[in-house]
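# Observations on chain architecture
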Amino acid sequence: MHKHFKIYKPYGYLSQFVNQHKRRKNKKMLGKLYDFPKETMSVGRLDEDSEGLLILTTDGKMSYKILSQSVEKEYYVQVDGEITLEAIEQLKKGLEISINGKPYTTLPCNAFLLEEKPTFPERAKKIRDERHGPTSWASITLTEGKFRQVKKMTAAVGFPTLRLVRVRVGNIRVDGLNAGEVKEVTQEVEEKFL
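This part covers the side chain of T58. Among the secondary structure elements, T58 is positioned in the loop between strand 5 (51-57) and helix 1 (60-68). Within the structure, T58 has its side chain in polar contact with the side chain of H2 (distance 3.0 Å). Looking at T58, its side chain comes within polar contact range of the main-chain nitrogen of K3, at 2.9 Å. Aside from chain neighbours lying at most four places away, what touches T58 is H2, K3, P37, E39, T40 and M41.

Structure, rendered in C-alpha cells:
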C-alpha cells in the first residue's frame, strides 16, 4: 500500500531526498526531517528559500496525477511595499514573465490582497523589518507551476517577493503544521486525488 505525507517544508531545505550535486554538500534535504519510506518523492517542488506545503508520496502515478491535472496551488506571498489593487488585477489577468530566457504569459489566476498578516512559524532567516519600508501580503492561486513563477509574477508588477509560503494543494492545507513537521495523510490524499 502506498503512503502519502504532507509536510511544512522549512526555509533552507531542498525539495528532494538525494543530493545529486557535489557542489551542494551542505544543503539540507527532506530526509533529515522524518524517516520516510525508501521510495518517497515530493509532488512538485518549492525553492530552497520558499516554505510551506509539500505533498510527498510513494506512488509515482499519484504524483503525476496531481501535477498533470490542473490542481490549484495557493501561495501566500509577502511583498516589498503595499501591493496595489491594480497590481493584483494584473496578476489575475496573466502577465509576461521570462522562463528559461524566453517570454511566457502566465495563465489567468486567482489573486487577492490579504487584509491581515497570516501567522506562520518563525523563519530561520529573518525578513527585513519595518525600518526598510512597508510590506504586504497577497494570496495567489495557480494551476500551473513554472520555475519561480510567483516570484517572477510579483516582481513583474513592481512588488518583489520577500517570503513565499504554499498553503494549499487542491483541498489539502498546511494548516496546523509547524516548520519541518510531517503528517501521514494517505486516506486524505487518496480521497482527494484518486
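Let us now look at the packing of aromatic side chains. Scanning the entire structure with this criterion turns up six aromatic pairs. Relative to F36, the ring of F5 lies with its centre 5.3 Å away and its plane at 85°, an arrangement referred to as edge-to-face. Here F36 lies in the loop between strand 3 (28-29) and strand 4 (41-43) and F5 lies in strand 1 (residues 4-9), a separation of 31 residues in the sequence. Assessed through its relative accessible area of 1%, F5 is described here as buried.

What follows is about helix 4 (residues 186-193). Among the residues making up helix 4, those that are buried are T186, V189 and F193. The buried residues of helix 4 occupy an angular sector of 70° when the element is viewed end-on, so they sit on one face. Away from the buried face of helix 4 by more than 90 degrees, exposed residues Q187 and E191 are located. Buried residues belonging to helix 4 abut strand 1, strand 5, helix 1, strand 11 (161-169), strand 12 (172-173) and strand 13 (182-184).

What follows is about unusual backbone geometry. If a residue is not glycine, its phi is most likely negative; likewise, a peptide bond is most likely trans. One non-glycine residue, N100, lies in the positive phi region at around 50°. The residue N100 is located in the loop between strand 7 (96-99) and strand 8 (102-105) in this model. A relative accessible area of 74% means that N100 is categorised as exposed. The backbone of R148 sits at a positive phi, close to 55°, despite the residue not being glycine.

Rules used throughout
Position numbers for residues start from 1 in each chain and track the written sequence from start to end. Two thresholds apply to this predicted model, a pLDDT of at least 70 for residue-level local features and 80 or more for giving and counting side-chain atom pairs, whereas whole-chain, interface and lining totals are computed over all residues. Only hydrogens and water are set aside; all other atoms, that is, all heavy atoms of the structure, feed into the side-chain values. In this text, helices come from DSSP runs of H or I with a minimum length of four residues, and strands from runs of E with a minimum of two, each type numbered from the N-terminal end. Counted as a polar contact is a pair of N or O atoms within 3.5 Å, where, for protein atoms, one must be capable of donating a hydrogen and the other of accepting one, and residues adjacent in sequence contribute only when both atoms are in side chains. Working rule for contacts: check all heavy atoms of both residues, and any pair within 4.5 Å makes them a contact. Pairs were defined over the aromatic rings of Phe, Tyr and Trp, the Trp ring being its six-membered one, requiring ring centres within 6.5 Å. Orientation was assigned from the angle between planes: stacked under 30 degrees, edge-to-face over 60, tilted for the rest. The rule is simple: take the accessible area with a 1.4 Å probe, protein chains only, and divide by the maximum for that residue type; under 20% is buried, over 50% is exposed, in between is partly exposed. This arc describes the spread of directions from the helix axis toward the C-beta atoms.

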